[in-house]
Amino acid sequence: MNERSPETENMPQPAAGEPAAAQMHALLRRRIVSGDLMPGMRLSEQDIADQYALSRQPVREAFIRLAAEGLLEVRPQRGTFVTRIDLDWVLDTRFIREAVEADIVRLAARNARPDQVTGLLELVDRQAALAADDALGLLSLDQEFHSGLAAIAGKPLVWSHLQGMKIHIDRIRHLVSALTPREVMLDQHRAIVQAMGQGDLDAAETAMRVHLRRVFQDLEAVVRLSPDYFDRPDPCIARMSYDLSTNV
């Protein structure tokens, strides 16, 4: 597959040997999550096929999978569009993710070997070493950090289950990355690992909950600046404030 888009030339490439439809799904999914294909944008099977030097069939298959994931919407007689971000989905998924990862980090803090703690700290150092504008690299290493915690906890399958659920959260994280200082996230990661290294289960859980709520401190500003990116934003902003004030 020839990836011609200059906007995506720095993105990780799909695995060699995968069927064209699977590669196209992975690439388009990544472009939607990163905001390269913006909410509300109309997509054409033929245009995408021409862009990547493919027939329309693998593109059509990729569109079907993306629609099933809630990333594309087919409107009869109008076309196929990148979905706007569903804030209800984001808020409820954040609630589920926090509950799950709070338990994961407690297990990780109980089970972690010294070399695993060192490995997580080295991963945070790799995050700190990224270029300031490398949002995709930062997201990739953040995923590695959280999946690493799940592996230490002995719950890698649980992390896999979370991936499909949190797709809109990942989209939002790209939008808020311009407002959220990177050092804040790095300090939060270090706090999680330090608590694990000390075997302090309560401190590790608290650090994780603080970390997973941080995105909402900047989210309202993003929604106000780009309301067209979101589906029914106003009612959700009220819920967002409630979500933070009640600490759940």
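The coordinates are above.
Quick notes on the rules
- Within each chain, residue numbers correspond to sequence positions counted from 1 in written order.
- With pLDDT at 70 or above as the cut-off, local features in this predicted model cover only qualifying residues; side-chain atom pairs require 80 or more to be listed or tallied, and sums for whole chains, interfaces and linings still use all residues.
- Just so you know, side-chain values use all the structure's heavy atoms and leave hydrogens and water out.
- Any carboxyl oxygen of Asp or Glu within 4 Å of a side-chain nitrogen of Lys or Arg constitutes a salt bridge here.
- Burial classes: relative accessible area under 20% of the type maximum marks a residue as buried, over 50% as exposed, and values in between as partly exposed (1.4 Å probe, protein chains only).
- Stacked, edge-to-face and tilted are the three classes for Phe, Tyr and Trp ring pairs, Trp counted by its six-membered ring, which pair at centre distances within 6.5 Å; planes under 30 degrees apart are stacked, over 60 edge-to-face, the rest tilted.
- Two conditions define a charge sitting above a ring: the NZ of Lys or the CZ of Arg must be within 6 Å of the ring centre, and it must be within 35 degrees of the ring normal.
- Here a strand is any run of E in DSSP of at least two residues, a helix any run of H or I of at least four, and the numbering for each starts at the N terminus.
- Buried Ala, Val, Leu, Ile, Met, Phe, Trp, Tyr and Cys residues that are joined via side-chain atoms within 4.5 Å together make up what is termed a nonpolar core.

A. Geometry of the pattern of salt bridges. Applying the stated rule across the entire model yields 20 salt bridges. For Asp-36, the salt bridge is made with Arg-31, and the minimal N-O distance between the two is 2.5 Å. Residue Asp-36 shares its accessibility class with Arg-31, and that shared class is buried. A salt bridge links Glu-183 to Arg-190, with the nearest nitrogen and oxygen atoms 3.0 Å apart. Take Glu-183: its relative accessible area is 42%, and that puts it in the partly exposed class. Owing to a relative accessible area of 22%, Arg-190 belongs among the partly exposed residues under this scheme. Residues participating in the shared-partner salt-bridge network are Arg-94, Glu-98, Arg-106, Asp-202, Glu-205, Arg-209 and Arg-213.

B. Just the packing of aromatic side chains, in detail. Per the stated rule, a full pass over the model turns up zero aromatic pairs. Arg-75 extends its terminal NZ or CZ atom over the ring of Phe-81, reaching a point 4.1 Å from the ring centre.

C. Quick look at unusual backbone geometry. For Ala-53, which is not a glycine, the phi torsion comes out positive at approximately 55 degrees. Residue class for Ala-53 comes out partly exposed when judged on its relative accessible area of 43%. Positive phi is not limited to glycine here, since Gln-77 has a value of about 70 degrees. For Gln-77, the location among the structural elements is in the loop between strand 2 (72-75) and strand 3 (79-82). Judged by relative accessible area, which is 84%, Gln-77 ranks as exposed.

D. Structural view of the nonpolar core. Leu-120, Phe-145, Leu-149, Ile-192 and Met-196 are the most contacted members of the largest nonpolar core, which has 28 residues in total. Secondary-structure elements contributing two or more residues to this core are helix 4 (87-111), helix 5 (114-128), helix 6 (135-153), helix 7 (156-165), helix 9 (182-197) and helix 10 (201-213). Considering every element that reaches this core, the biggest residue donor is helix 6, with seven residues. In this structure, Leu-37, Leu-43, Leu-72 and Val-82 belong to the second largest nonpolar core, which totals 19 residues.

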